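Structural overview
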Amino acid sequence: MRHAPADPRTDRTLLVTGAAVAAAGTAARAEAVAVRGDRIVHVGTAEDARAALGGRADETLELDGGLVHPGFVDAHCHPVMYGQALAWVDCRPERVPDIDTLVAVLSEAARDLPAGVPVRGFGYEHRRLAERRHPTCHDLDRIATDREVYVMNASGHGGVVNTHTLHACGITAGTPDPDGGSIGRFESGEPDGQLWDAACDRLTGPAGVKIGNHGPNFHLSEPDDIMADHLLRAQETFLAAGVTTVGDAQASRREMETYLRARESGALRMRVSAYLTSALLDVALDLGVVHGFGDDLFRVQGVKFYADGTLGGWTAYFPEGYAADCCHHGQLYHSAEEYAEIVRRAHAAGLQTATHAQSPFAIGMVLDAVEKAQADVPRADMRHRIEHCGLPTDEQITRMAGLGVVPVMQPQHHLRTGDGTLTAIGDLGHRYNPAGPCLPAGVPVVFSSDAPVAPPAPLEAVSAAATRRTVLGTVLGDASLRLPVADGLHAHTAAAARALHRERSVGSLAPGLLADFVVLDSDPLDADPSELASIGVRETWIGGSRAWAAPGR
């Protein structure tokens, strides 16, 4: 009988030594990791790890100190959108302090572009501009009047276009606000250039992705090779931050095509769990795309819903109005009844749901819908998610525990926009991202970046949760709202993996799990919580193979 030759992908062995190892389930540090194929076979002493490989290591990673840590899991981000935003003009507050500077940097970019090519920027925060307002179409007309100019707000929920774009999209004073979106207007009623949420459907063109009242539309398509470049650029940044697995928190046709092409060509380098936009719910149900459709590299995990809007864009829903403007309430994407029905349909089919909800009202709407769906069709361990979950009450946190609902928070949001949130909603803003009360209540809080709203930087997120200090120096809330560093690291690894239903493969360093790990310069548990972001990433490994290394290593 002839025997098939050994498969080097499954038989290859790797021994990792020379650095402390963050073993699963303990704060104690191991000495080494043994890997066979793409899986960990042992974590412990160097001697035992070598013995677990039968004394044979095809490759040895001999480190010079540092820490071998589980690869970080970013459970809520938008990688394709992030790569695209990185290709646009950087309009973040650190670079653009006022509208004149915004115009100047976009004008400089326009001079280098061929005629007719859109001029696009990302990241302005109107409350951190000197003028304390959004740019208008007239501001952007100073950049170009013969092509599209679009600058997206840091929230990702919309932005501002020039007059040329308003005309091209057919937007006039008589154009009504769409369901789930809004068109900004001057006092005269003429459009001022702002397009929010569902109104951004206008920007994708007749054949482009449409979202309707199922969320903000940031799905601007470009040629296949350009979309591939966007994903490659994003992956490089995630891997450089030590992120090995991501949850794409709003996948449309654009994202699915980009991921599948990358997977086919071998260009998909990190693990992706996609949550389809709820605009595709009927398609997913018709195709039977349920129960984690896919494999360890790419899978469709669930469906992304929206309850309300964003705190950054003042579209999160407060029925009593904003502290800064009692006549401004934000918006809901669906009525409570409509939302409960689409959640019921997804739940009944076995699809995990992930709902964007920021205000206490919107969070309550999600909990009511999940409770009703479970009562109608009991299903164990669904782990329905609340994305952002910015302002839950203590009572709502208790309800999450009882319902098995998982909050997926972004501490980098309160780091960057906490002061603006205080301006918008008053003292309630001190409670923004209350991770601290979750664990005592039995709620497994999860961290993520929401890139491009914030860059993938897990240690910055853990630091922000531990200190609750904003970039302007404001400390939000009291100590009870903070999350210790060890718990924050868990929130960005094992807890995040569980939120993706991937805890049996990623998020920890333990036998049987995939060998996804990152080598850090030092141990975060030994650092001042405020200094965590300064800890460098040396290398990132996925499935026992080096996926990224710092320059010069």
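Please refer to the structure higher up on the page.
Quick look at the structure, then.

Applying the stated criterion to the full structure yields nine aromatic pairs. Ring geometry for F305 versus Y339: centroids 6.2 Å apart, planes at 90 degrees, classification edge-to-face. With F305 in strand 18 (residues 298-306) and Y339 in helix 10 (residues 336-349), this pair connects stretches of sequence that are 34 residues apart. Here F305 falls in the buried class, since its relative accessible area comes to 0%. An angle of 50 degrees between the planes, with centres 5.2 Å apart, marks the rings of Y306 and Y333 as tilted. With Y306 in strand 18 and Y333 in the loop between strand 18 and helix 10, this residue pair connects regions lying 27 residues apart in the sequence. Here Y333 falls in the buried class, since its relative accessible area comes to 3%. Here the aromatic cluster, defined as three or more aromatic residues joined through ring pairs, consists of W314, F318 and Y322.

Close contact between helix 3 (residues 79-87) and helix 7 (residues 224-240) brings their axes to 7 Å; oriented N to C, the two are set at 95 degrees. Here helix 7 runs roughly perpendicular to helix 3, going by the angle between their axes. Every residue of helix 7 that contacts helix 3 at P79, V80, Y82, G83, Q84, L86 and A87 is listed here: M227, H230, L231, R233, A234, T237 and F238. Residues belonging to the contact of helix 3 with helix 7 are distributed by class as follows: nine nonpolar, four polar and one charged.

Time to look at unusual backbone geometry. The bulk of non-glycine residues show a negative phi, and the bulk of peptide bonds are trans. Each neighbour pair has its own omega, and for A451 with P452 the value is 15 degrees, a cis peptide bond. Turning to its location among the elements, P452 is positioned in the loop between strand 22 (446-447) and helix 14 (458-467). For D197, which is not glycine, the phi torsion reads 55 degrees and is therefore positive. Position of D197 relative to the elements: it lies in strand 14 (residues 191-197).

What follows covers empty space enclosed by the protein. All chains considered together, the criterion is met by one cavity of 30 Å³ or more. Ranked by residues supplied to the lining of the largest cavity, first place goes to helix 3 with three residues. Here the residues of the lining of the largest cavity sort into five nonpolar, one polar and no charged.

This paragraph deals with the nonpolar core. Counting 42 residues, the largest nonpolar core has F238 and L520 as its most contacted members. At five residues, helix 7 tops the list of elements feeding residues into this core. For F238, the residues in contact, after removing those within four places along its chain, are D74, C77, P79, Y82, V243, V246, M270, A451 and P456. Grouped together as the second largest cluster of nonpolar side chains are 34 residues, Y339, L351, L367 and I386 included.

Of note, E338 is situated in helix 10. A residue is classified by how much of its surface remains accessible, and E338, at 37% relative accessible area, is partly exposed. Residues E338 and V117, spaced 221 residues apart in sequence, show a C-alpha to C-alpha distance of 40 Å. Beyond its immediate sequence surroundings of up to four residues, E338 is in contact with N213 and Y333. A distance of 3.1 Å separates polar atoms of two side chains, one belonging to E338 and the other to H334.

Rules and cut-offs
One numbering rule holds for all chains: residues counted from 1, following each sequence as written. Restriction of local features to residues with pLDDT of at least 70 applies here, the model being predicted, together with a cutoff of 80 or more for giving and counting side-chain atom pairs; totals for whole chains, interfaces and linings are based on all residues. Hydrogens and water molecules were not included; the side-chain quantities draw on all heavy atoms of the structure. Side-chain rings of Phe, Tyr and Trp (the six-membered ring for Trp) are treated as a pair once their centres are within 6.5 Å; stacked means planes under 30 degrees apart, edge-to-face means over 60, and tilted covers the remaining angles. Helix numbering and strand numbering both begin at the N terminus, where a helix is a DSSP run of H or I of at least 4 residues and a strand a DSSP run of E of at least 2. Three exposure classes are used, based on accessible area relative to the maximum for each residue type with a 1.4 Å probe and protein chains only: buried under 20%, partly exposed in between, and exposed over 50%. Axes here mean lines fitted to C-alpha atoms, for a helix over just the part in contact, with angles spanning 0 to 180 degrees between N-to-C directions. In what follows, roughly perpendicular refers to angles from 65 to 115 degrees, roughly parallel to angles under 35, roughly antiparallel to angles over 145, and oblique to any angle outside these ranges. In what follows, a contact means two residues having at least one pair of non-hydrogen atoms within 4.5 Å. For this classification, the nonpolar set comprises Ala, Val, Leu, Ile, Met, Phe, Trp, Tyr, Cys and Pro, the charged set comprises Asp, Glu, Lys and Arg, and every other residue, Gly included, is treated as polar. As defined here, a cavity is a set of points on a 1 Å grid over the protein atoms alone where a 1.4 Å probe fits but cannot get out. A pocket is an open set with protein on both sides within 12 Å along at least five of seven lines, and residues line them when an atom is within 4 Å of a point. Grid points are joined across faces, edges and corners, and a volume is the space filled by probe spheres set on the points. Throughout, nonpolar core names a set of buried Ala, Val, Leu, Ile, Met, Phe, Trp, Tyr and Cys residues whose side chains join them through atoms within 4.5 Å. Pairs of N or O atoms within 3.5 Å make up the polar contacts considered here, provided that, within protein, one atom can donate a hydrogen while the other can accept it, and that residues adjacent in sequence are counted only when both atoms are side-chain atoms.

Remember, this is a structural readout, not a statement about activity or role.
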